[in-house]
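Chain residues, written in single-letter form:
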Amino acid sequence: MTHGIVLASGMAAETQALAFWILAVIAVAAALAMVLAPRAVHCAVLLAIVMLSLAVLYALLGAPFLAFVQVIVYTGAVLMLFLFVLMIVGVSSRDSLVETIRGQRLAAALVGIGLLVLLSLIIGHAAIGPAAPAGPDYGASNVQGIATLIFTTYVFPFEVTSALLITAALGAMVLAHQERLGPKPTQRQLSRLRIASGRSAPLPGPGTYARHNAVDMPALLPDGSQSELSVSPVISGRPDPRLSELGAARPADPQAPGGVLPPDSDRSEVAGGDSEHEGARW
Amino acid sequence: MVSPAHFVALAVILFVIGGVGVLVRRNAIVIFMSVELMLNAVNLAFVAFSRMRGNLDGQVIAFFVMVVAAAEVVVGLAILTSIFRARRSASVDDANLLKY
């Protein structure tokens, strides 16, 4: 915790001011970009930048415990949860740029400006004094000070917090639980379905070449065309410039399968309609 | 010299940006992220006021806000996944079953 002391009291005022202005600019820019970025994944990454700069700002304010909690809980746990849900919902999901309510963005901007003016006036009228002299609470004994407060003055809210956490965990399990609507298909039924689908053999694996060896490279059929079935539809949905390198004799179009391919045998159909893979197209 | 007022001003700006994000965005996950941004801004104000007052109560409150925000995110994202499973969409425009 010696860093806490350094950040709270030992650091020169100019250094502190420089750090504040750099971090403030980074945080505001990342927050604005988060609101404006169309893709949800970019929003998550930009939010991580905001949260990390806030953690350093906490350290500047002499709260090393909160700085670490911010990194561990927010950037570590909460944002990872966001990213997990984004993977389920689909990484490529983006907001539609069509306004569903007419004039909504203009109204939102006006509300934002109004809120900013209102809060600025309140802050301007409030008497926010200078920082109190940095005592030991802002450095070496920050953790001890917070622990003393939590386990004396705030012991009841602290206990209520534990009940809240248990309830939240239980609620998440109940809400995310998926009820099985039909009976689970047996192995016999699955094999019958497989035979009935007309494709009894497993799907072809991806191509292995001298220069490329990855799941997104299609296998080449005996006539030199690319096997559409060898690449998962989740991956093949993305345009890949490397695909044009392969099979240069014929136009590389993943949407136009070669003559030997059965045109309608979709891979996701054979795989039983995996919900995650379907979702990734959204 | 940076005073707590600077930190509070930064918190106000971040709070407003988060509020505009909640109003503008259509993807429910991004709306959630904007709510998190607002909570973080309030935390920053709490810590700044704690620094101004010279005691640790503000930091303890910010700690509690973090705990409640974590619980809220867990439940909210579970609701989002179940809505997504039913509707195949994370847009708030598509969850209109209760709309009159």
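Once a new chain begins, its residue numbering starts again from 1 and follows that chain's sequence as written. Chain labels run from A onward and ligand labels from 1 onward, assigned in the order the entries are written. Local features in this predicted model are restricted to residues of pLDDT 70 or higher, and side-chain atom pairs are both shown and tallied only at a pLDDT of 80 or more, whereas totals for entire chains, interfaces and linings draw on every residue. Side-chain measures were taken over the full set of non-hydrogen atoms in the model, leaving aside hydrogen atoms and water.

With that settled, the discussion passes to the overall build of chain B. Secondary structure is summarised from DSSP: a helix means a run of H or I of at least four residues, a strand means a run of E of at least two, and numbering begins at the N terminus for each. In terms of helices and strands, chain B carries 3 helices and 0 strands. Ordered by position from the N terminus, the helices and strands of chain B form the series α-α-α. Along the first, second and third principal axes, the C-alpha atoms of chain B reach 50 × 25 × 20 Å. Burial classes: relative accessible area under 20% of the type maximum marks a residue as buried, over 50% as exposed, and values in between as partly exposed (1.4 Å probe, protein chains only). Within chain B, the proportion of its 100 residues that are buried is 60%.

Moving on, we get to the packing of helix H4 (residues 64–89) of chain A against helix H2 (residues 28–53) of chain B. In the contact formed by H4 of chain A and H2 of chain B, the axes pass within 12 Å of each other and the chain directions differ by 175°. As judged from the angle between their axes, H4 of chain A and H2 of chain B are roughly antiparallel. Across the interface between the two elements, Leu66, Gln70, Tyr74, Val78, Phe82, Val85, Leu86 and Val89 of chain A from H4 of chain A touch Ile29, Phe32, Met33, Glu36, Leu39, Asn40, Asn43 and Val47 of chain B from H2 of chain B. Basically, the charged four are Asp, Glu, Lys and Arg, the nonpolar ten are Ala, Val, Leu, Ile, Met, Phe, Trp, Tyr, Cys and Pro, and anything else, Gly included, counts as polar. When its residues are assigned to classes, the contact of H4 of chain A with H2 of chain B shows 12 nonpolar, 3 polar and 1 charged. Here an axis means a line fitted to C-alpha atoms, over the contact stretch when the element is a helix, while the angle between two N-to-C directions is reported on a 0 to 180 degree scale. Each angle receives one of four descriptions, namely roughly parallel if under 35 degrees, roughly antiparallel if over 145, roughly perpendicular if within 65 to 115, and oblique otherwise. Should any heavy atoms of two residues lie within 4.5 Å, those residues are considered in contact.

The definition of a nonpolar core used throughout is a set of buried Ala, Val, Leu, Ile, Met, Phe, Trp, Tyr and Cys residues joined through side-chain atoms within 4.5 Å. Leu57 and Phe82 of chain A together with Phe7, Met33 and Leu44 of chain B are the most contacted members of the largest nonpolar core, which has 74 residues in total. Looking at this core, the elements that each hand over two or more residues are helix H2 (13–36), helix H3 (40–60), H4 and helix H6 (142–151) of chain A together with helix H1 (4–24), H2 and helix H3 (57–87) of chain B. For this core, the element with the highest residue contribution is H3 of chain A, accounting for 14 residues. Met33 of chain B has contacts with Met34, Ala40, Cys43, Ala44, Leu47, Phe82 and Leu86 of chain A, leaving out every residue within four places of it along the chain. Residues Ala108 of chain A together with Val12, Val16 and Val24 of chain B belong to the second largest nonpolar core, which totals 5 residues.

Two aromatic rings, taken as a pair, are described by how far apart their centres are and by the angle between their planes. Whether two aromatic rings pair depends on their centres lying within 6.5 Å, for rings of Phe, Tyr and Trp, where Trp uses its six-membered ring; planes under 30 degrees apart make the pair stacked, over 60 edge-to-face, and the rest tilted. A full pass over the atoms with the stated rule returns 7 aromatic pairs over all chains. Here Phe20 of chain A and Trp21 of chain A contribute two aromatic rings whose centre-to-centre distance is 5.1 Å and whose plane-to-plane angle is 75°, an arrangement assigned as edge-to-face. Judged by its relative accessible area of 2%, Phe20 of chain A is buried. Look at Phe63 of chain B and Phe64 of chain B: their rings are 6.2 Å apart centre to centre, the planes differ by 40°, and that puts the pair in the tilted class.

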